[in-house]
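# Per-entry structural report
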Amino acid sequence: MRQYYVYIMASRARTLYAGMTNDLTRRVDEHKNGRVTGFASKYRVTKLVYAEAADDALTASRREKQLKGWTRAKKIALIEETNPGWADLSGGWHTGDADPGSAERDPSLR
């Protein structure tokens, strides 16, 4: 069964971007390398600060829309609940140091 992810990326200035994907590693790489056009590239949201898994695309899509409808304060509270230091959860994915499937096993990404 295919896994889907809802995620929040942040810039250094903590501008937030919420999205959905079926390949979190690829999508984060696209953000980090400026291959996402529009808002994400304009504000350089390159740090994965929140992610959660969903079992199907419809559930992930609904959750993404829910997050996008939240106030900034509510999104920040969600991030700080699981990632109080705003660490980049993608860690070493892009240097080959981490297993790209770690998002599926890491409870902090749910």
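Everything below is about the structure shown above.
Our subject in this report is the structure included herewith.

## Let's talk about unusual backbone geometry
The backbone of Arg-14 shows a phi angle near 65°, a positive value even though the residue is not glycine. Structurally, Arg-14 is set in the loop between strand E1 (4–10) and strand E2 (16–21). Overall, Arg-14 belongs to the partly exposed group, its relative accessible area being 37%. At Trp-86, a residue that is not glycine, the phi angle is positive and equals roughly 55°. Looking at the element boundaries, Trp-86 is found in the loop between helix H4 (72–82) and helix H5 (102–105).

## Focus: the environment of Ile-76
When you line up the elements, Ile-76 lands in helix H4. Excluding residues that lie within four positions of it along the chain, Ile-76 makes contacts with Leu-16 and Trp-86.

## Things to note about the pattern of salt bridges
Applying the stated criterion to the full structure yields seven salt bridges. Its salt-bridge partner being Asp-88, residue Lys-32 comes within 2.5 Å of it at the nearest N-O pair. Of the two residues, Lys-32 is situated in helix H1 (residues 24–32) and Asp-88 in the loop between H4 and H5; the sequence distance between them amounts to 56 residues. Overall, the relative accessible area of 27% leaves Lys-32 in the partly exposed class. A relative accessible area of 27% places Asp-88 in the partly exposed class.

## Describing the sheet that holds strand E3 (residues 47–54)
Taken in spatial order, the three strands of this open sheet run E2-E1-E3, and their pairing is antiparallel. Edge positions in the open sheet fall to E2 and E3, since each of these has one partner strand only. On average, each strand axis in the sheet is inclined to that of its neighbour by 20°, with strand direction left out of account. Here E1 runs beside E3; their pairing, made up of seven bridges, is antiparallel. Note that in E3 the partner of Tyr-7 across the bridge is Ala-51.

## Concerning the pairing of E1
Of all the seven residues making up E1, seven are buried; the element is thus mostly covered by neighbouring parts of the structure. Because side chains alternate across E1, one face comprises the buried residues Tyr-4, Val-6, Ile-8 and Ala-10, and the other comprises Tyr-5, Tyr-7 and Met-9, equally buried. Two strands pair when backbone bridges link them, and E1 and E2 are joined in this way by six bridges, in the antiparallel orientation. If you follow Tyr-5 over to E2, its bridge partner there is Thr-21. Counting the residues between successive antiparallel strands, the hairpin from E1 to E2 contains five residues, one of them, Arg-14, with a positive phi of roughly 65°.

The rules we used
Residues numbered from 1 in each chain as written. Predicted model: local features only at pLDDT ≥ 70, side-chain atom pairs only at ≥ 80, totals over all residues. Heavy atoms only, no water. Helix = DSSP H or I, 4+ residues; strand = E, 2+ residues; numbered from the N terminus. Buried < 20%, exposed > 50% of the residue type's maximum accessible area, 1.4 Å probe, protein only. Contact = heavy atoms within 4.5 Å. Salt bridge = Lys/Arg side-chain N within 4 Å of Asp/Glu carboxyl O. Pairing = 2+ DSSP bridges. Axes fitted to C-alpha atoms, helices over the stretch in contact; angles between N-to-C directions.

In short, shape yes, function no, at least from these values alone.
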